[in-house]
Amino acid sequence: MTSTFLPDKRTGPGVELPPPPAGTARGRARRRMRHWLTAVGFQVPALLLFLVLVLLPMLFALYAAFFRWGGFGMPSDYIGGDNFTRLFQDPVFLGDLWRCLLLVLLSLAIQLPFALAMAVLLNQKLRGRAFYRMLFFGPYVLSEAITGVLFGMIFAPDDGLADRILGGIGLDGLGGEWFADPSNVMATLFLVMTWKYFGFHMMLYLAGLQAVPAELTEAALIDGANAWQRFCSVTLPLLAPTLRISVFLSVIGSIQLFDLVWVTTAGGPDHHSETLAVTMFQYGFKRYQVGYASAISVAMFGISLVFALAYQRFVLRRDLQGATTTMRGGAK
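Everything quoted here is computed from the prediction, not taken from an experiment.

Parameters and conventions
Residues numbered from 1 in each chain as written. Predicted model: local features only at pLDDT ≥ 70, side-chain atom pairs only at ≥ 80, totals over all residues. Heavy atoms only, no water. Helix = DSSP H or I, 4+ residues; strand = E, 2+ residues; numbered from the N terminus. Buried < 20%, exposed > 50% of the residue type's maximum accessible area, 1.4 Å probe, protein only. Contact = heavy atoms within 4.5 Å. Areas by Shrake-Rupley, 256 points an atom, 1.4 Å probe, with all protein chains shown as cover. Patch = residues over 30% accessible without salt bridge, like charges linked within 9 Å, V, L, I, M, F, W, Y side chains within 5 Å. Salt bridge = Lys/Arg side-chain N within 4 Å of Asp/Glu carboxyl O. Lys, Arg positive; Asp, Glu negative; His and termini not counted. Charge placed at Lys NZ, Arg CZ, Asp CG, Glu CD. pLDDT = per-residue confidence, 0-100. Phe/Tyr/Trp six-rings, centres within 6.5 Å; stacked < 30°, edge-to-face > 60°. Axes fitted to C-alpha atoms, helices over the stretch in contact; angles between N-to-C directions. Parallel < 35°, antiparallel > 145°, perpendicular 65-115°, else oblique. Left-handed = near helix turned anticlockwise from the far one by under 90°. Nonpolar A, V, L, I, M, F, W, Y, C, P; charged D, E, K, R; others polar. Core = buried A, V, L, I, M, F, W, Y, C linked by side-chain atoms within 4.5 Å.

**Q** Mind laying out the overall build of the chain, listing which residues take part and the relevant values?
**A** A tally of regular secondary structure across the chain gives 13 helices and two strands. Expressed as a percentage of its 332 residues, the buried residues of the chain come to 33%. Across the chain, contacts joining residues at least 24 apart in sequence account for 61% of those joining residues at least 6 apart. On the chain, roughly 20700 Å² of surface is accessible, and the fraction owed to carbon and sulfur atoms is 68%.

Below is the structure:
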């Protein structure tokens, strides 16, 4: 837009006046269109990937669950809801539900409190705490396949590191078939899970602890509260949003657990360590009952979805409302 030159009584001709404002309706419409096209250009590739790699496979799994299908060609033997009826008559699937619930309860009762205790400890001013944080978080960086192979060697019968250590201290009677004994396999598997995942939750809690204002803890100390009272009355309530997110991730991870179990036990012995995802893989890729495996996947998705919606509705509701209020307040 060009400037306008008009004569001025004080300075004479040739004084440059500022250009008129550019906020015309056509200019605003063009800017909105450019912003909209830019947003669409960034979103379309991600939406296409989500459609092709996530949404379409989910819809096809739901479609295949209504067929008796071996995975070759297109599904054609329609059987209605027989696959879903079979789920609740299958002792392996019902056992998977029980083992999933067991892992959830053990995680909430042992793994997460242990991670919280370590986070509180490493939040103190200790010498070498950065090293200990890295040491405890390190297992989470390892892949599940490497972790499974590592503990497969550690818990190998007779020759494994665990049996050698127990034998060296005179407790060889406690060793044995860690992954091969039906009465020990779930406890051993949970021990591996705790070693692998507790560092992740510990770092979540550390991040939450560092956001707790020191002034509140100091005020409680001045009021005469001991360490336990300060933790229960000040630290724990302020850490509650982080705890709720940690519980959510732990439960969803237990429902969908696959790779660590598959590498260590493959669901054995005799299905005693099998999970929903392992059963789905067994039926789909080992027995070629892809229709039934699709029904298991739909059941897994349904369980996860119902839990996520209920958890968001009844547990995370206050956190989400607080986030919305904060965003609205900042926009004023």
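**Q** Any details on a positive patch on the surface? Residues and values, ideally.
**A** Together, Arg26, Arg28, Arg30, Arg31, Arg32 and Arg34 make up a region of like positive charge exposed at the surface. By the element assignment, arginine 32 lies in helix 1 (residues 25-64). Judged by relative accessible area, arginine 32 falls into the exposed class, the value being 54%.

**Q** For the confidence of the model for the chain, give the residues involved together with the corresponding values.
**A** Chain-level pLDDT for the chain is 87 on average; 89% of the residues reach the 70-or-more range. Counting interchain partners and residues more than four positions distant, the pLDDT-below-50 stretch residues 324-332 has zero contacts.

**Q** Kindly report on the packing of aromatic side chains, identifying the contributing residues and their values.
**A** Scanning all chains against the criterion turns up 26 aromatic pairs. Note on phenylalanine 72 and tyrosine 288: the rings are 5.9 Å apart at their centroids and 35 degrees apart in plane angle, and the pair reads as tilted. With a gap of 216 residues between them, phenylalanine 72 in the loop between helix 1 and helix 2 (82-87) and tyrosine 288 in the loop between helix 11 (276-286) and helix 12 (290-314) connect regions that are remote in the sequence. Looking at tyrosine 288, the relative accessible area reads 48%, which means it is partly exposed.

**Q** Can you tell me about the packing of helix 3 (residues 91-122) against helix 7 (residues 185-210), naming the residues and giving the values?
**A** Closest axis-to-axis distance for the helix 3/helix 7 pair is 7 Å, and the angle between their directions is 45 degrees. One way to sum up the angle between helix 3 and helix 7 is to call them oblique. The interaxial crossing formed by helix 3 with helix 7 has right-handed handedness. Partitioned by chemical class, the residues of the contact of helix 3 with helix 7 number 21 nonpolar, four polar and one charged.

**Q** Talk me through the environment of glycine 148; I want residue IDs and the actual numbers.
**A** Considering the arrangement of structural elements, one finds glycine 148 in helix 5 (residues 144-154). Setting aside residues no more than four positions away along its own chain, glycine 148 makes contact with Leu260, Val263 and Thr264.

**Q** Hey, could you go over the pattern of salt bridges for me, with residue numbers and the actual values?
**A** In total, this model carries four salt bridges according to the counting rule given. The residue aspartate 159 makes a salt bridge to arginine 164 at a minimum N-O spacing of 3.1 Å. Across the pair, exposure class does not vary: aspartate 159 and arginine 164 are exposed alike.

**Q** Go over unusual backbone geometry, please, and point to the residues and values.
**A** Most peptide bonds are trans, and most residues other than glycine sit at a negative phi. With an omega dihedral of -5 degrees, the bond running from glycine 268 to proline 269 counts as a cis peptide bond. With respect to the element layout, proline 269 can be found in the loop between helix 10 (259-264) and helix 11. One non-glycine residue, histidine 271, lies in the positive phi region at around 70 degrees. Here histidine 271 lies in the loop between helix 10 and helix 11. Since its relative accessible area comes to 27%, histidine 271 is described here as partly exposed.

**Q** Any details on the nonpolar core? Residues and values, ideally.
**A** Leu103, Phe155, Val192, Met193, Leu257 and Leu260 are the most contacted members of the largest nonpolar core, which has 19 residues in total. Sorting the residues of this core by element identifies helix 5, helix 6 (161-168), helix 7 and helix 10 as the ones contributing at least two each. Counting residues per element, this core draws most heavily on helix 7, at seven residues. With near-sequence residues (within four places) excluded, phenylalanine 155 lies in contact with Ala162, Trp178, Phe179, Thr188, Leu191 and Val192. By size, the runner-up hydrophobic cluster in this structure holds 16 residues, among which are Leu87, Val251, Tyr283 and Tyr292.

**Q** Could you give me a rundown of the environment of glutamate 218, with the residues and numbers involved?
**A** Note on placement: glutamate 218 falls in helix 8 (residues 214-222). Taking the relative accessible area as the measure of exposure, glutamate 218 reaches 49% and is therefore partly exposed. As for glutamate 218 and arginine 230, which are separated by twelve residues in sequence, their C-alpha atoms are 9.1 Å apart.

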